[in-house]
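# Report on the structure
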Amino acid sequence: MEIKTITLPTRQIEVEVYAPAETTDKVPAILLLHELYGVIDAYREDAQDLADRGYLVYVPNLYSGGAVKYCIRAMVAKAGRTNAADSEVNKEIHVLLDELKVDPRSNGRLGMLGQCLTGGYVIQMAKREDMLAPVVYHHSFGIEGAGVPKTESLDEIRILQGHWSEQFDPFCPARKRNKLIKQLGDRVEAYTYPMPHGFRTVSRDRPESALVWQRTVDFFDRELKQI
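Reading the values: rules and limits
- Residues numbered from 1 in each chain as written.
- Predicted model: local features only at pLDDT ≥ 70, side-chain atom pairs only at ≥ 80, totals over all residues.
- Heavy atoms only, no water.
- Axes fitted to C-alpha atoms, helices over the stretch in contact; angles between N-to-C directions.
- Helix = DSSP H or I, 4+ residues; strand = E, 2+ residues; numbered from the N terminus.
- Parallel < 35°, antiparallel > 145°, perpendicular 65-115°, else oblique.
- Left-handed = near helix turned anticlockwise from the far one by under 90°.
- Contact = heavy atoms within 4.5 Å.
- Nonpolar A, V, L, I, M, F, W, Y, C, P; charged D, E, K, R; others polar.
- Pairing = 2+ DSSP bridges.
- Polar contact = N/O pair within 3.5 Å; in protein donor to acceptor, adjacent residues only side chain to side chain.
- Right-handed = clockwise from strand over helix to strand, strands pointing away.

Looking at an unreviewed UniProt entry, one finds the chain named Dienelactone hydrolase and attributed to Acinetobacter suaedae.

Dropping the structure here:
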């Protein structure tokens, strides 16, 4: 693992980089976004697993620069409630994806994983023409409608894989999940599970969490490695 600093429109951010150990070939690249807990060992383990499977992985620390209250501010601010395409944070995610795409080790084929706090960003980034494999776990960002402003179209999304809890989830209620699934129709590969919020953190040791991860990896392999 290495750490690099990327300059965003209004700040600099630290990014942990995980790359395959033995290859000189350019490989598909994945942006893995943390949730409320920040960059913890659980995400590092997942990033390393993806790297071992042949992916270049960026794990940005969204709390860089002492932004410990980033989550709270984002969730209560208007930008967080609406998750608009032109919000400051979504602009930051675009920059991170652009940097990942031009990394010398990347072949330009992009995937992404966001969860809870960062799940809504995946929905916005899935609109990008070069986003080939977007995955979301229980998107709590964006209270309006399906997780994006009601005035914004989802027609640009080609494909999305989504994983949600069947249990009561105050962060991502069923009504929001169902709206997104209905709007995307056959463009979404949707799964629900009998376990609480936090599939790869608080519920990490449950067998359902392993199933979530296997489906995620299979999706990345199918969309990013099959040309």
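## Some remarks on the packing of helix α1 (residues 41–52) against helix α7 (residues 207–225)
In the contact formed by α1 and α7, the axes pass within 12 Å of each other and the chain directions differ by 40°. Of the possible angle classes, the one that applies to α1 and α7 is oblique. Here α1 and α7 pass one another in a crossing that is right-handed. Packed against α1, whose contacting residues are D46, D49 and L50, the element α7 presents W213, V217 and F220 at the interface. When the residues that make up the contact of α1 with α7 are grouped by side-chain class, the tally is 4 nonpolar, no polar and 2 charged.

## Details of the sheet that holds strand β2 (residues 12–18)
One open sheet holds the 8 strands; their spatial order is β1-β2-β4-β3-β5-β6-β7-β8, and the pairing between them is mixed. Among the strands making up the open sheet, the edge pair consists of β1 (2–7) and β8 (188–193). Going from strand to strand, the sheet's axes swing by 20° on average, the running direction of each strand aside. Alignment of strand β3 (residues 27–32) against strand β5 (residues 106–116), held across 5 bridges, turns out to be parallel.

## Details of the environment of H138
Here H138 shows up in strand β6 (residues 131–139). Spatially, the C-alpha atoms of H138 and R11 are 28 Å apart, while their sequence positions differ by 127 residues. Excluding its chain neighbours within four sequence positions, the residues that come into contact with H138 are E35, Q115, C116, H163, W164, D169, C172, H197, G198 and F199. At 3.2 Å, the side chain of H138 and the backbone nitrogen of G198 are in polar contact.

## Focus on the pairing of β8
Two elements, strand β7 (residues 160–165) and β8, share 6 bridges in a ladder whose sense is parallel. Bridge pairing links H163 to Y191 in β8. Each parallel crossover has a hand, and for β7 linked through helix α6 (residues 174–184) to β8 it is right-handed.

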